[in-house]
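Read off the chains here:
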Amino acid sequence: AAPAAARAQGALLDGTPLNIFADGLGAIQVRQDGVAAGLFYDPSENPAHAGLEIKEGANYYPLQDGFSTAIGRSSGGIVINDLGGGTRTLRSVYTVGPNLRVTEVYTYTDGTSAIHVRYAIQNISGAPTSIRAGVLADLYVGNNDNGNGVISNVAPRFVGGRDEATGLVYGLQEITPWAALQEGDFQFVFENFAGNGLNNTVDPAAPDNGV
C-alpha cells in the first residue's frame, strides 16, 4: 500500500499479489505485494499516470494524476464485488465531458499476473459524436523509470517495456482490436494520442517509456 499522503480519493482492490487503486475517474495505480513502488509513474502516487484518455472531436480529456487534475470528468461511484474463487471486480462509473458516460471494470483473480480491463463508453447526449479512446500508461518497470520497448505481434498483441536489469516486462495486451499502438518516451505517447493519434512505432532503446 502507498503512504497515506500519497492516497487520492478512490478505492483499492487488495488482491494477491496485485493491488489495483482506481480514482473513479479513469486513472489507476497497480502495486505488487512486498514492493513499495507502483507499476506506473509516479510510483509513490495513487493514482499514477495511467488509465483511460479520450479525445472527442477537438476536446481532449486527460487523466487525473500527479501531473494534472481531471478536466471535464465527474465520478458516479466505485463498487468492489467478490465473484468467488479469488476473483473480484472493481467497477467505476464516470462522465467525460457533457456527452460520454464510461463504465470501467477491472477484473482480477488472485495468483495471476494480469488484470482484465473493460471500458463501456456510452453517448448520453442524444446527438452524434466521434471519439478516440486510448489506454495509456507511463511505465515504471522493475523500479526503473526507463525501459526498452517490446512488442509481440502474435495474437493477442502485446506492447510494453522491459527492464534490462531484472528482465521484468510490463505492458498492455490486446483484447478488443487496437486501431493503433505506440511505445516510446511517455511524453511523446501521450502527446501523440492527444494530437493526431498513436503512430504504431516501438522504441527498442531505453527512454522514459510509456505505452
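How each quantity is defined
- Residues numbered from 1 in each chain as written.
- Predicted model: local features only at pLDDT ≥ 70, side-chain atom pairs only at ≥ 80, totals over all residues.
- Heavy atoms only, no water.
- Helix = DSSP H or I, 4+ residues; strand = E, 2+ residues; numbered from the N terminus.
- Rg over C-alpha atoms; globule rule 2.2 N^0.38 Å.
- Buried < 20%, exposed > 50% of the residue type's maximum accessible area, 1.4 Å probe, protein only.
- Areas by Shrake-Rupley, 256 points an atom, 1.4 Å probe, with all protein chains shown as cover.
- Salt bridge = Lys/Arg side-chain N within 4 Å of Asp/Glu carboxyl O.
- Pairing = 2+ DSSP bridges.
- Axes fitted to C-alpha atoms, helices over the stretch in contact; angles between N-to-C directions.
- Phe/Tyr/Trp six-rings, centres within 6.5 Å; stacked < 30°, edge-to-face > 60°.
- Lys NZ or Arg CZ within 6 Å of the ring centre and 35° of its normal.
- Polar contact = N/O pair within 3.5 Å; in protein donor to acceptor, adjacent residues only side chain to side chain.
- Contact = heavy atoms within 4.5 Å.

Visitor: I'd like to hear about the overall build of the chain, residue by residue, with values.
Guide: Within the chain, the regular secondary structure consists of 1 helix and 15 strands. Taking 2.2 N^0.38 as the reference for a compact globule, 211 residues should give roughly 17 Å; the C-alpha atoms of the chain span a radius of gyration of 16 Å, in line with that estimate. On the principal axes, the C-alpha backbone points of the chain span a range of 50 × 40 × 35 Å. The buried share among the 211 residues of the chain stands at 42%. Accessible surface, the chain as shown: approximately 10,000 Å² in total, 51% of it carbon and sulfur.

Visitor: A description of the pattern of salt bridges should follow, citing residues and the corresponding values.
Guide: For the structure shown, the criterion picks out 3 salt bridges. The salt bridge involving Arg 162 is made with Glu 164; its shortest N-O contact spans 2.6 Å. The class for Glu 164 is partly exposed, based on a relative accessible area of 48%.

Visitor: Before we move on, could you go through the sheet that holds strand 1 (residues 11-14) and cite the residues and values that matter?
Guide: An order of 1-2-3 is seen for the 3 strands of this open sheet, with the pairing classed as antiparallel. Every interior strand has two partners, whereas the edge strands, strand 1 and strand 3 (28-32), have only one. In this sheet, adjacent strand axes meet at a mean angle of 15° when their direction is disregarded. Looking at chain direction, strand 2 (residues 18-22) and strand 3 are connected through 5 bridges and run antiparallel. Directly across from Ala 22, in strand 3, lies its bridge partner Ile 28.

Visitor: Residues and numbers for the packing of aromatic side chains, please.
Guide: Two numbers describe a pair of aromatic rings. These are the distance of the centres and the angle of the planes. Applying the stated rule across the entire model yields 2 aromatic pairs. Its guanidinium or amino end placed over the ring of Phe 193, Arg 132 lies 5.7 Å from that ring's centre, counting from NZ or CZ.

Visitor: Can you tell me about the side chain of Gln 182, naming the residues and giving the values?
Guide: Within the element layout of this structure, Gln 182 appears in the loop between strand 13 (169-173) and strand 14 (184-185). Separated by 3.1 Å, the side chains of Gln 182 and Asn 192 make a polar contact. Among the polar contacts made by the side chain of Gln 182, one reaches the main-chain amide nitrogen of Asn 199 at a distance of 3.3 Å. Ignoring any residue separated from it by four or fewer positions in sequence, one finds Gln 182 in contact with Val 159, Phe 188, Val 189, Asn 192, Leu 198, Asn 199, Thr 201, Gly 210 and Val 211.

Visitor: Could you give me a rundown of the environment of Asn 199, with the residues and numbers involved?
Guide: Within the secondary structure, Asn 199 is located in the loop between helix 1 (186-194) and strand 15 (209-210). When near neighbours in sequence (up to four residues on either side) are disregarded, Asn 199 contacts Leu 181, Gln 182 and Asn 192. For Asn 199, the side chain forms a polar contact with the side chain of Thr 201, separated by 2.6 Å.

Visitor: Before we move on, can you summarise the sheet that holds strand 6 (residues 73-84) with the specific residues and values?
Guide: Pairing between the strands of a sheet comes from backbone hydrogen bonds, and it takes one of two forms, parallel or antiparallel. Spatially, 4 strands are ordered 6-7-8-9 in an open sheet, and the strand pairing comes out antiparallel. The strands lining the two open edges of the sheet, one partner per strand, are strand 6 and strand 9 (116-123). When the angles between neighbouring strand axes are averaged without regard to direction, this sheet yields 15°.

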